[in-house]
Amino acid sequence: MNGTEDETGSFLQDGGKKKQLKKESDVLQDFMFLLPFFWPKTKPRLQFLYVGVGLCLVVDRVLNILVPIQLGLITNILSKERATVPWKEIMIFAALRFLDSSGGISAIRRYLWQPLENFTYHEISTAAFNKIMTLSSDFHDEKHSGSLWQTVSRGRSIRHVVDSILFQIGPMIIDLVLAVSVLYYLFDAYMALITAAVFIFYLWSSSKILAKQKDKQRQLISAVEKEYDVLCESTSNWQTISYFNRVDYEKNHYSSAVKNHMNSSMTFTLWSNFESVAQSFLLIGGLTGACFLAAYQVSQGYKSVGSFVMLLSYWAQLSGPLRFFAHGFCNFALDMIDAEELIRLLRREPTVHDRPGAKDLVLNQGEIAFDNVDFSYDGRRTILKDVSFHVHPGETVALVGETGGGKSTILKLISRFYDPESGNVTIDGQDICSVTLDSLRANIGVVPQDPALFHDTILNNIKYANPLATDEEIYDACKAVSLHDKFLAFPDGYQTLVGERGVKLSGGELQRVAIARAIVRDPNIVLLDEATSSVDSNTEMQIQDSLGRLTAGRTTIIIAHRLSTVINADKIIVIDAGKIVEEGPHEDLLKRKGYYYRLWLHQSSLKPSIQSKTRGPRSTGPFSNEARPSGSSPRVGNGIDTVHQISVESDRGSESDDLDTDYEEYNRETNPITSKVFPHIDKESSRVSSLKPDAPEFIPQRLQRTEIPSTAVYGRNTVIKSAKDSVGHEHIGKENRREHAECDHELDANTQFSDAHTVPKRSNIEGTSSTTRLRVATVLGLQRVSNSSK
Ligand SMILES: Nc1ncnc2c1ncn2[C@@H]1O[C@H](COP(=O)(O)OP(=O)(O)OP(=O)(O)O)[C@@H](O)[C@H]1O
């Protein structure tokens, strides 16, 4: 190196060398990291097998020398002037050849090796799986399933690493040293030199080609992963693809991924072939040189013909393994590349784990507290800011607020899917970060926003929550969520396979299965994340009792967008952009006229009662004594009663006047354009169910035509004595419009409390009735449905 001329070049070269060295040391480190997967530390029987394999390898090496020597012997005997048939030598040659063949010592070695390979496969597969299972949410949020499966399956090829070292690289090094020595002994130093030179040059060229191949292998791996990702993404999102009519796009997408894979594969194969050509060329060149030398010595009478034959045989014997040797190196390097991702995965540590000295959670009463909790998923965007609140034992607390505000994140922190960046989450005074994850999660039952099931039977899916649950308990849980009869009506009943992630069940059924799971689990703390958002109003009413039973006496946190479903919560916490902006009971929050009040107004604005200028008699919730399913608990939903919204709205009395006025103002502020330009559209379009404010109202025509029972009790202080339905209309919109004009007279303003339990717990509003036509229509519809379902 011309250091003075080319300082930069020197520096770069040195840098390059360092990089190269670092890479090699990385490979070594990786290999050392993987060693425990190969060595059966606690299994002496398997260790003994390693010894057996080692012995086979030694015998193999010896045979590699003996076979050509024996052939040389036979040739020498035959080349004598009065040659006899060398029976004995031939028999020995045949025996040696047999032992040296794939059916001889190799077969014994393979037999001994198989359990060792299985051991490694088992160790690596389970280590990878266990690691994936123990890694935290941050990993699972980021992971690409297709690539991950590929990583694990490719990484398993690491078991061939030892195979390469033990059966290709190691033996061949011994073979080469022996070959040079034997040839030196049988011929001379020149022959030994030629052989050594060929071998060294062969290995050097292989390593050069291999370096190129590594890059190609990485490209190939990434192309295969890409193909897999597209395959997994497209097949698992088939429905979305179909909805958006993007099947052709996906076909092309996949096709180009496959083409890319094939191109990378071609390039890789090209380099492999180039390696083979170069190596064959070298070997044949070396053999030719050795042959000339040997032939010369034989012709000069220095060596016997047998020596020449032995040389040919020896070269033939060596060239095969020599190729394998190069391949062994190549395979080793490529296997290590394959294993790079797996090693990264295995080295990754979960961000949420049991801390040293973590104790089991001791659950006394189930008090949950957040103290100044800050949280960010990625360290860049703060999701929760200084969140502090207390949930007293047995209380039901509702988290409400704008979507994306951080409500579900709070539940994730309680289940310790993530740890807070600062602040503490405690349960019964114990910081959940210092208790064991198992004991924490064993006490928590979650009904997630988007429940997913295993591709298994309904029964097994519910049993998954509690493997000790009896079939009877599962049936009871399903009865509680109004699914039992439905499941029995399925051709395969509870043995019905639910499809991948439960795709064969409807959204509402899925949610109810999730609730059934929670019931079967019987947890001490219940977290409900929009647990009934996909359930229709009627079913929701039916399962409120079950939710009530699930949450009764247990600390419960419930997330809801429909405020009407949580007005009876002990406390409502309003979250906006990661901060708690208000908290307190429903009425208190309404009185404050703050964020919650506006939210309530907004949702109420979606209800026709507020738009109605003509007020009818007051109505309360549709659960009457008659309408309530038998055996239902009077206070439903542990104070969370979907149907109370009707009661509250209707019971608001004079307050609703304020709300109406406020709504008008609010609507003008929030929707200035629609409220000015399309006042009628604005009001019409916001006509939706009072039970599901976020869903358009739908009152089946047949229900509108049906006679309403003369005395139907809908709530504590409302009795609808006679409610003849209006004439059926062609369209729901039309029906809704007409209801304004038709329903008022059908309601009797003389109301009475028939069921104290359906009154909102904190409703302090008494007195005059105020019921709107559409709400009544809804109530009538619900009543009809529940009557008909009885
Ligand atoms: N795994 C994640 N990684 C990064 N950001 C996330 C992750 N999960 C949620 N977020 C972000 O955190 C914010 C709060 O999400 P979160 O699910 O807690 O909101 P939410 O109030 O429950 O919303 P919604 O009512 O729509 O369910 C959102 O802006 C969301 O984009």
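What counts as what
- Residues numbered from 1 in each chain as written.
- Predicted model: local features only at pLDDT ≥ 70, side-chain atom pairs only at ≥ 80, totals over all residues.
- Heavy atoms only, no water.
- Helix = DSSP H or I, 4+ residues; strand = E, 2+ residues; numbered from the N terminus.
- Contact = heavy atoms within 4.5 Å.
- Areas by Shrake-Rupley, 256 points an atom, 1.4 Å probe, with all protein chains shown as cover.
- Patch = residues over 30% accessible without salt bridge, like charges linked within 9 Å, V, L, I, M, F, W, Y side chains within 5 Å.
- Salt bridge = Lys/Arg side-chain N within 4 Å of Asp/Glu carboxyl O.
- Core = buried A, V, L, I, M, F, W, Y, C linked by side-chain atoms within 4.5 Å.
- Buried < 20%, exposed > 50% of the residue type's maximum accessible area, 1.4 Å probe, protein only.
- Domains from an automatic or database assignment.
- Near = heavy atom within 4 Å.
- Polar contact = N/O pair within 3.5 Å; in protein donor to acceptor, adjacent residues only side chain to side chain.
- Nonpolar A, V, L, I, M, F, W, Y, C, P; charged D, E, K, R; others polar.
- Pairing = 2+ DSSP bridges.
- Axes fitted to C-alpha atoms, helices over the stretch in contact; angles between N-to-C directions.
- Phe/Tyr/Trp six-rings, centres within 6.5 Å; stacked < 30°, edge-to-face > 60°.
- Lys NZ or Arg CZ within 6 Å of the ring centre and 35° of its normal.
- pLDDT = per-residue confidence, 0-100.
- Expected span 1.5 Å × (residues − 1).
- Parallel < 35°, antiparallel > 145°, perpendicular 65-115°, else oblique.
- Left-handed = near helix turned anticlockwise from the far one by under 90°.
- Arc of directions from axis to C-beta.

## What to know about the overall build of the chain
Secondary structure assignment for the chain yields 28 helices and twelve strands. Considering only contacts in the chain between residues 6 or more positions apart, those separated by 24 or more positions represent 79%. As displayed, the chain has an accessible area near 38,100 Å², and 58% of this comes from carbon and sulfur atoms.

## Observations concerning a nonpolar patch on the surface
Together, Leu28, Met32 and Leu35 make up a nonpolar patch on the protein surface, roughly 280 Å² of accessible area in all. The topology assignment puts Met32 in helix α1 (residues 7-38).

## Thoughts on the nonpolar core
If you look at the biggest cluster of nonpolar residues, it comprises 45 residues, and the most contacted ones within it are Ile462, Ile474, Phe487, Leu528, Ile572 and Tyr596. With seven residues, the top contributor of residues to this core is helix α17 (residues 507-521). In this structure, this core is formed jointly by two domains, domain 2 (352-443 + 560-605) and domain 3 (449-556), each of which donates at least three residues. The residues contacting Leu528, other than those within four sequence positions of it, are Leu411, Val447, Leu547, Leu550, Thr551, Thr556, Ile557, Ile558 and Ile559. In terms of nonpolar packing, the next biggest core, distinct from the first, is built from 40 residues, Phe93, Ile132, Leu148 and Ile169 among them.

## Quick notes on the site of the ligand
Near the ligand lie 16 residues; those nearest to it are Asp141, Thr403, Ser408, Thr409 and His561. Measuring from an oxygen atom of the ligand, one finds a backbone N or O atom of Gly404 at 2.8 Å. For the ligand, an oxygen atom lies 2.9 Å from a polar atom in the side chain of Gln449. Relative to its free-state accessible area of 630 Å², the ligand is covered by the protein chains to the extent of 71%. Ranked by residues supplied to the shell around the ligand, first place goes to helix α12 (residues 407-414) with four residues. Here the shell around the ligand is composed, by residue class, of three nonpolar, eight polar and five charged.

## Overview of the sheet that holds strand β1 (residues 368-376)
Strand order across the open sheet formed by four strands is β2-β1-β4-β5, with antiparallel pairing between neighbours. Looking at strand neighbours, the two that pair on one side only are β2 (382-391) and β5 (430-431), the edges of this open sheet. With two bridges joining them, strand β4 (residues 422-427) and β5 adopt antiparallel strand pairing. Paired with Ile427 across the two strands is Gln430, which belongs to β5. Packed on one face of the sheet, α12 meets β1 and β2 and runs near 115° to β1.

## Remarks on unusual backbone geometry
Glycine aside, a negative phi is what most residues show, and trans is what most peptide bonds show. A positive phi angle, near 50°, is found at Asp386, a position not held by glycine. Position of Asp386 relative to the elements: it lies in strand β2.

## Topic: the packing of aromatic side chains
This structure, assessed with the given rule, holds eleven aromatic pairs. Note on Tyr50 and Trp113: the rings are 5.8 Å apart at their centroids and 75° apart in plane angle, and the pair reads as edge-to-face. Placement of the pair is Tyr50 in helix α2 (residues 44-78) and Trp113 in helix α4 (residues 105-134), with a sequence separation of 63 residues. With a relative accessible area of 6%, Trp113 lands in the buried category. By the ring-pair criterion, three or more aromatic residues cluster together here, those being Tyr475, Phe487, Phe490 and Tyr494. Directly above the ring of Tyr249 sits Arg246, whose terminal nitrogen or CZ lies 4.2 Å from the centroid.

## Considering the confidence of the model for the chain
If pLDDT is low for a region, its predicted coordinates should not be looked at in detail. Of the residues in the chain, 71% have a pLDDT of 70 or more, and the chain-wide mean is 72. The element-level mean pLDDT for the chain is lowest in helix α28 (residues 773-789), coming to 33, with β1 highest at 95. Note on residues 1-22: pLDDT under 50 across the span, and four contacts to partners over four residues away in sequence or across chains.

## Some details on the pattern of salt bridges
Scanning the entire structure with this criterion turns up 13 salt bridges. A salt bridge links Lys131 to Glu349, with the nearest nitrogen and oxygen atoms 3.8 Å apart. Taken as a pair, Lys131 in helix α4 and Glu349 in the loop between α11 (305-347) and β1 lie far apart in primary sequence, 218 residues in all.

## Considerations on the sheet that holds strand β3 (residues 396-401)
Strand pairing within a sheet occurs via backbone hydrogen bonds; the two strands may be parallel or antiparallel. One open sheet accounts for six strands, arranged β6-β7-β8-β3-β9-β10; its pairing is mixed. Of all strands in the sheet, those bounded by a partner on one side alone are β6 (444-447) and β10 (579-584). Between one strand axis and the next, the sheet turns by 15° as a mean value, whatever way the strands run. Across four bridges, β6 lies against strand β7 (residues 525-529) in parallel orientation. Its bridge partner lying in β7, Val447 is registered against Leu528.

## Overview of α17
With 15 residues, α17 extends 21 Å between its outermost C-alpha atoms, agreeing within 8% with the 21 Å of an ideal straight helix rising 1.5 Å per residue. Of all 15 residues in α17, twelve are buried; the element is thus mostly enclosed. Residues Gly508, Glu509, Leu510, Gln511, Arg512, Val513, Ala514, Ile515, Ala516, Arg517, Ala518 and Val520 constitute the buried set of α17. Immediately downstream of α17, the backbone of Asp522 shows phi near 55°, a positive value.

## Side note on the packing of helix α6 (residues 145-155) against helix α8 (residues 189-236)
Packing of α6 against α8 leaves a shortest axis separation of 8 Å and a crossing angle of 135°. In terms of orientation, α6 lies oblique with respect to α8. Both α6 and α8 take part in a crossing whose hand is right-handed. Along the contact surface, α6 presents Gly146, Ser147, Trp149, Gln150, Thr151 and Arg154, while α8 presents Ile221, Val224, Glu225, Tyr228, Asp229 and Cys232. Taken together, the residues of the contact of α6 with α8 break down into five nonpolar, four polar and three charged.

## Points about the environment of Leu220
Mapped onto the fold, Leu220 is located in helix α8. With 42 residues separating them along the chain, Leu220 and Met262 place their C-alpha atoms 8.5 Å apart. Beyond its immediate stretch of four places on either side in the chain, Leu220 contacts His261, Ser264, Ser265 and Phe268.

## Digging into helix α3 (residues 87-100)
Across its 14 residues, α3 extends 20 Å between first and last C-alpha, which sits within 8% of the 20 Å expected from 1.5 Å per residue. All of the buried residues along α3 are Glu89, Phe93, Leu96 and Asp100. Taken down its axis, α3 places every buried residue within 65° of arc, on the same side. Opposite its buried face, α3 presents the exposed residues Trp87, Lys88, Met91 and Phe98, each directed more than 90 degrees away.

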